Amino acid sequence: MKKVNALLASLMLTAATTATAGGILTNTNQSIDFLRNPARDAAIGLDGVYSNPAGVAFLPEGFHLGINWQYAHQTRTINSTSPFFALGRKNNGQTTKTFEGVADAPCIPSVQAAYNVGDWSWQFNFSVPGGGGKCEFADGLGSFESVVGNIASSFMTLDGMATQLNGVSQQLAPLYGMLGQTAPAAIENTGVTGYDMNGYMQGRQYYFGFQLGTSYKINEHLSVYGGLRLLYGTATYKAKISNIMVGTQNGYVDFRDFLPNVPVQAQQNAAVAQQHLAVINQTEQAGVPLSDALVQARTALTNGLTQLQASQSQLSTLAKYSEGVNLLCNQSSVGIAPIIGVDYKIGKFNFAAKYEFKTQIRMKNESTVNEASEIAAVNKFRDGEEVNEDAPALLTVGAQWSPVEQIRVNVGYHHYFDKDADWYNNAQDLLDHDTDEYLIGAEWDVTDKLTISAGGQLTRYGLTDDYMNDMSFVVNSYSLGLGFNYKASDKLTLKAGYFQTNYDTYDRTDYPPLSGMSDSFTRTNRVLGIGCELSL
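Residues numbered from 1 in each chain as written. Predicted model: local features only at pLDDT ≥ 70, side-chain atom pairs only at ≥ 80, totals over all residues. Heavy atoms only, no water.

S.K.: Mind laying out the overall build of the chain, listing which residues take part and the relevant values?
M.R.: Scanning the chain from N- to C-terminus turns up eight helices and 18 strands. Counting across all 536 residues of the chain, residues that qualify as buried make up 54%. Accessible surface, the chain as shown: approximately 22600 Å² in total, 56% of it carbon and sulfur. (Helix = DSSP H or I, 4+ residues; strand = E, 2+ residues; numbered from the N terminus. Buried < 20%, exposed > 50% of the residue type's maximum accessible area, 1.4 Å probe, protein only. Areas by Shrake-Rupley, 256 points an atom, 1.4 Å probe, with all protein chains shown as cover.)

S.K.: Tell me about the pairing of strand 17 (residues 506-509), and please be specific about residues and values.
M.R.: The alternating pattern of strand 17 places Tyr506 and Arg508 on a buried face and Asp507 and Thr509 on a face that is not buried. Direction of pairing for strand 17 relative to strand 18 (residues 518-535): antiparallel, over a ladder of four bridges. Directly across from Arg508, in strand 18, lies its bridge partner Asp519. (Pairing = 2+ DSSP bridges.)

S.K.: Talk me through the pairing of strand 14 (residues 450-460); I want residue IDs and the actual numbers.
M.R.: Direction of pairing for strand 13 (residues 435-445) relative to strand 14: antiparallel, over a ladder of 10 bridges. Note on strand 14: the bridge partner recorded for Asp445 is Thr451. As paired elements, strand 14 and strand 15 (residues 477-487) share 10 bridges and run antiparallel to each other. Considered in strand 15, the bridge of Thr459 is made with Ser477.

S.K.: I'd like to hear about the side chain of Gln202, residue by residue, with values.
M.R.: One can find Gln202 in strand 4 (residues 192-217). Residue Gln202 is classed as buried on the basis of its relative accessible area of 12%. Among the polar contacts listed, one links the side chain of Gln202 to the side chain of Tyr200, at a separation of 2.8 Å. With sequence-adjacent residues up to four places away left out, Gln202 is seen in contact with Lys134, Cys135, Glu136, Thr236, Tyr237 and Lys238. (Polar contact = N/O pair within 3.5 Å; in protein donor to acceptor, adjacent residues only side chain to side chain. Contact = heavy atoms within 4.5 Å.)

S.K.: With reference to specific residues and values, describe the packing of aromatic side chains.
M.R.: The relative placement of two aromatic rings is captured by the distance of their centres and the angle of their planes. What the rule picks out here adds up to 13 aromatic pairs. Where Phe349 meets Trp401, the ring centres are 6.2 Å apart and the plane angle is 15 degrees; that geometry is what we call stacked. On the criterion of sequence distance, the pair formed by Phe349 in strand 8 (residues 349-356) and Trp401 in strand 11 (residues 394-404) is long-range, its members being 52 residues apart. Since its relative accessible area comes to 38%, Phe349 is described here as partly exposed. Each ring, one from Tyr355 and one from Phe357, has its centre 4.8 Å from the other, and the planes form 85 degrees; the classification is edge-to-face. The exposure class of Tyr355 is partly exposed, given its relative accessible area of 25%. Clustering of aromatic rings is evident, with ring pairs tying together Phe126, Tyr206, Phe208 and Phe210. When the ring centre of Phe58 is taken as reference, the NZ or CZ atom of Lys345 above it lies at 5.4 Å. (Phe/Tyr/Trp six-rings, centres within 6.5 Å; stacked < 30°, edge-to-face > 60°. Lys NZ or Arg CZ within 6 Å of the ring centre and 35° of its normal.)

S.K.: For the pattern of salt bridges, give the residues involved together with the corresponding values.
M.R.: The final tally for this structure, using the stated rule, is 18 salt bridges. Where Arg36 meets Asp33, a salt bridge forms, and the shortest distance between an N and an O atom there is 2.7 Å. You can see Arg36 and its partner Asp33 sitting in helix 2 (residues 32-36), three residues apart, about one turn around the helix. Side by side, Arg36 and Asp33 carry an identical accessibility label, which is buried. With a closest N to O distance of 3.0 Å, Lys495 and Asp33 form a salt bridge. Taken together, the residues Lys495 in strand 16 (residues 492-503) and Asp33 in helix 2 connect sequence positions 462 residues apart. Several salt bridges converge on common partners, so that one network encompasses Asp33, Arg36, Arg40, Asp47, Arg408, Glu443, Asp445, Lys495 and Glu533. (Salt bridge = Lys/Arg side-chain N within 4 Å of Asp/Glu carboxyl O.)

S.K.: Could you give an account of the environment of Ser477, naming the residues involved and the relevant values?
M.R.: Checked against the element boundaries, Ser477 lands in strand 15. Residues Ser477 and Tyr503, 26 residues apart in the sequence, show an inter-C-alpha distance of 4.3 Å.

S.K.: Kindly report on the side chain of Gln74, identifying the contributing residues and their values.
M.R.: With respect to the secondary-structure elements, Gln74 resides in strand 1 (residues 62-81). Owing to a relative accessible area of 0%, Gln74 belongs among the buried residues under this scheme. At 3.3 Å, the side chain of Gln74 and the side chain of Asn525 are in polar contact.

S.K.: Report on the environment of Asp466, specifying residues and quantitative values.
M.R.: If you trace the backbone, Asp466 turns up in the loop between strand 14 and strand 15. For the pair Asp466 and Asp432, spaced 34 residues apart in sequence, the C-alpha separation works out to 9.9 Å.

S.K.: Go over unusual backbone geometry with me, naming the residues and quoting the values.
M.R.: The backbone phi angle of Asn92 is positive, close to 55 degrees, even though this residue is not glycine. Structurally, Asn92 can be placed in the loop between strand 1 and strand 2 (96-117). The exposed category is assigned to Asn92, whose relative accessible area is 67%.

S.K.: Now, about the confidence of the model for the chain: what can you tell me, with residues and values included?
M.R.: Model confidence for the chain is summarised by a mean pLDDT of 85, while 90% of its residues fall at 70 or above. A low-confidence stretch, residues 1-19 (pLDDT under 50), is modelled with 83 contacts involving residues beyond four sequence positions or located in other chains. (pLDDT = per-residue confidence, 0-100.)

S.K.: Talk me through a nonpolar patch on the surface; I want residue IDs and the actual numbers.
M.R.: A surface patch of nonpolar side chains, about 960 Å² in accessible area, is lined by Phe63, Tyr115, Val117, Trp120, Trp122, Tyr216, Ile218, Val224, Val342, Leu534 and Leu536. Those elements that place two or more of their residues in the nonpolar patch are strand 2 and strand 3 (120-137). Looking at the secondary structure, you find Trp122 in strand 3. (Patch = residues over 30% accessible without salt bridge, like charges linked within 9 Å, V, L, I, M, F, W, Y side chains within 5 Å.)

S.K.: Kindly report on the environment of Leu230, identifying the contributing residues and their values.
M.R.: With respect to the element layout, Leu230 can be found in strand 5 (residues 222-248). The partly exposed category is assigned to Leu230, whose relative accessible area is 31%. Along the primary structure Leu230 and Phe126 are separated by 104 residues, whereas in three dimensions their C-alpha atoms are 9.8 Å apart. Look past the residues within four positions of Leu230 in its chain and what remains in contact with it is Phe208, Gly209, Phe210, Val334, Gly335 and Ile336.

What follows is the structure, encoded as structure tokens:
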């Protein structure tokens, strides 16, 4: 049952997000200004509708509109090691295999709008603060294949037990003769030599954010903000395992055709093991001292029977998946949370802070999974189930310094309250600590029309071996961005930016439920964006 639990959990847990910056479930790259300099937490600009909404009150009066388009390309690479891979038909005896997922988000849009009048600023933001694309693993995942390989290995274990029992029959032949009984006939092996399969995984996830709020300029130095963000989440997960084949001495056989033969051998093994135990016990009851070899044989037979009973209990469950797996789950939900902010200007400095409250999300499933109550691991995707996927609270603080009028230097800090969120099966409790980000950047007005900028971001997650899995993973990283603004007219500014994230490698070794496996996780990410800003 543990093997099947692992298989089905693997099928549906991939979170296909193309998050390019931010926490585990949060995207902060909501403007081209962010791409060219991610340290925007205390910057005064229209992009502040998302990053520093209180500071937008210091923009000139009038209507301001920003439109942003981003293209993101990401890969996720997992080097998985499993002793079972060596049994795979396509693996050439290798125990390490690379699985790569490609995630493309051809269009990540965002819109910022503000209407400033007097001391008030009325603001709207549309963005994709979570998810943002589709990820596809054309060959499935290591956890898919390891479970199929483990099943093949179990069949080979049956063959090994049969060989052992046939050897015990020869060892006990004198006892059978002494008791006037006939030793059992030799058990024929199933002849399993390996496996073959096709795997596939695809996930698509978007969280659309609609933010309304207002900031008020208390005086020339201080402004405050209050608003609400509505999140609409939609996701689709597809998983497929097909063409499961069992390699035998006579060639590869369809799993559906092979499976009915397995209970026969398992029953033969059990019957022979019980017969051998009865002979040993009868010999002992007859007063014949047992040799050390016979005592060891009895222990081995007892343990073997326990293993056989466990494998027999799995056969009916395995039969459900003899035709492979083809699963589809659609999810959707709505959540809402308040946002507050403050901005303080003094001399050449500007300071700002923002707090986004936790957004409670309960994703509602429409799924082909109807019998998941038998297997706890897939209850997350049972039709009609509500799944906890909170967007964690976020605190951002920042400072901006202008040593001269044409240059601005920015620093920022983000803290995501991951462990206070509520995720499925309390996954947040597996993290060692919340996520922290550190940001720095600068921009330079080269001319009255051209501004260039660059910056960086360091992201540190509270990752643990228990939290990490090949279905959904993040990795510590640092990011670099650069770009420019070009003021085409008094009313129109054009923007372009490039952002690249460089990821660490996270190694996880010897984890349950399949001991002896290990994974090495890493990713790549590149984002290109263009946009424009109108001031009327």
